[in-house]
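# Residue-level structural notes
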Amino acid sequence: MIFDVYGPLVLSLLLALVGPVIARRVAPALAAPVLASAAVLTAAATTWSLVLLAAALLGDAPPVIREAREAGRPVMDPVPEVIGLGASAALLVVAVRLHRAVRAERSTRRALRRLCAGQPADTELIVAASAVPQAFAIPGRPGRILVTSAMLSALTPAERRVLLAHERAHLTYRHGALVTAVTLAAAANPLLRPVRTAVAFLVERWADEQAADLVGDRRTTARALARAALTAGRARAACALGFTDRAVTRRIAALQTTPPPRLWTAAAAVLALGALPALLAADATGDLMGLLSGALS
């Protein structure tokens, strides 16, 4: 049980190191969902490992072990007392962080829905009269694209096509769900913050590539991104997927080169890395159950 229960925590560090590398080397359309899936699996496994460590100390295990020892059957404590206490405290922190993350997500979504209030249900594009150049996708059913008049006036017709194609890609491929999932994973396991940053960047790169394919001109896409970034305002909705968010300089540079390849072997390795903590947590659960069963027999 000892290796199995601590393994997910160690593998979290490895995934945090691998995530940024995958973000640079693998096509965004493949890397983003793979990293998000691996992060969710790893976060779930590390949280369950903390539950096992805490349960071994504070749940039903200590009375069972005491009774077994009183009956003359030698049984070892599953974990040291200090580890169990530390796991209990960590679980409390995880619960608080998840609550805050969920509350922030709901608050932002309510604010975004208010921006769309009064618009017809079948309206995808909403143009707001504002002197602040902004554009972002609003996830939902239906999803909306909110663009300010200042942003539209700053772009040429071809660049407007790029902007709308970019935001439409966010809605089509449900990038908001990916970002939300990895945000909650990082809230449960702070070691996964680099993965969250990588996925947030990748969904923007993914939308850039989709826009470039639709327009048929990577230079026009890069120029639209550069012009929008130069004129965009600082304020934005926290959970919206904006055209000029996330490392604009790196995104422009990427559009001036050939798209990265779909490295399926690298993607499979990342998925395996995400699945391994779940397997270790399941094995640790079996070990704990076996220990308690032996104490009861």
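Please refer to the structure higher up on the page.
The structure reproduced in this document is the subject of the present report. The model shown is predicted, which means the values in this text are computed figures rather than measured ones.

## Focus: the packing of aromatic side chains
Within this structure, the stated rule accounts for one aromatic pair. With a centroid separation of 5.2 Å and an interplanar angle of 35°, the aromatic rings of Y173 and W206 are classed as tilted. Of the two residues, Y173 sits in the loop between α6 (157–172) and α7 (175–188) while W206 sits in helix α8 (residues 193–215), which places them 33 residues apart along the sequence. Positioned over the ring face of F201 is R250, at 4.0 Å from the centre of the ring.

## A few points about the packing of helix α9 (residues 218–231) against helix α10 (residues 248–255)
α10 packs onto α9 with a crossing angle of 165° between their chain directions and a minimal axis gap of 9 Å. Relative to α10, the element α9 lies roughly antiparallel. Handedness of the crossing formed by α9 with α10: left-handed. When α9 is examined against α10, the residues R218, T221, A222, L225, A226 and A229 are found in contact with a partner set consisting of V248, R251, I252, A254 and L255. Taken together, the residues that form the contact of α9 with α10 break down as eight nonpolar, one polar and two charged.

## Let's talk about the nonpolar core
Core analysis: the biggest nonpolar cluster contains 37 residues, and L15, I22, L35, L192, V195 and V270 have the highest contact counts within it. Breaking this core down by element, the ones donating at least two residues are α1 (2–25), α2 (28–58), α4 (81–115), α7, α8 and α11 (264–296). With 13 residues, the single largest contributor to this core is α2. The contacts of L35, once residues within four sequence positions are left out, are L15, G19, I22, V195, A198, V199, L202 and V270. Formed by 11 residues, the second largest nonpolar core is a distinct cluster that contains A137, M151, L164 and A228.

## Observations regarding the pairing of strand β3 (residues 144–148)
Within β3, five of the five residues are buried, which leaves it mostly tucked inside the rest of the structure. What you see with β3 is no split at all: R144, L146 and T148 on one side and I145 and V147 on the other are buried throughout. As judged from the four bridges shared by strand β1 (residues 125–128) and β3, these two strands associate in the parallel manner. From the neighbouring strand, V127 faces β3, where its bridge partner is V147. Two strands pair when backbone bridges link them, and strand β2 (residues 135–138) and β3 are joined in this way by four bridges, in the antiparallel orientation. Residue pairing for β3: A135 is matched across the bridge by V147. The hairpin formed by β2 and β3 contains five residues between the paired strands, and G140 there has a positive phi angle of roughly 155°.

Cut-offs used in this document
- Residues numbered from 1 in each chain as written.
- Predicted model: local features only at pLDDT ≥ 70, side-chain atom pairs only at ≥ 80, totals over all residues.
- Heavy atoms only, no water.
- Phe/Tyr/Trp six-rings, centres within 6.5 Å; stacked < 30°, edge-to-face > 60°.
- Helix = DSSP H or I, 4+ residues; strand = E, 2+ residues; numbered from the N terminus.
- Lys NZ or Arg CZ within 6 Å of the ring centre and 35° of its normal.
- Axes fitted to C-alpha atoms, helices over the stretch in contact; angles between N-to-C directions.
- Parallel < 35°, antiparallel > 145°, perpendicular 65-115°, else oblique.
- Left-handed = near helix turned anticlockwise from the far one by under 90°.
- Contact = heavy atoms within 4.5 Å.
- Nonpolar A, V, L, I, M, F, W, Y, C, P; charged D, E, K, R; others polar.
- Core = buried A, V, L, I, M, F, W, Y, C linked by side-chain atoms within 4.5 Å.
- Buried < 20%, exposed > 50% of the residue type's maximum accessible area, 1.4 Å probe, protein only.
- Pairing = 2+ DSSP bridges.

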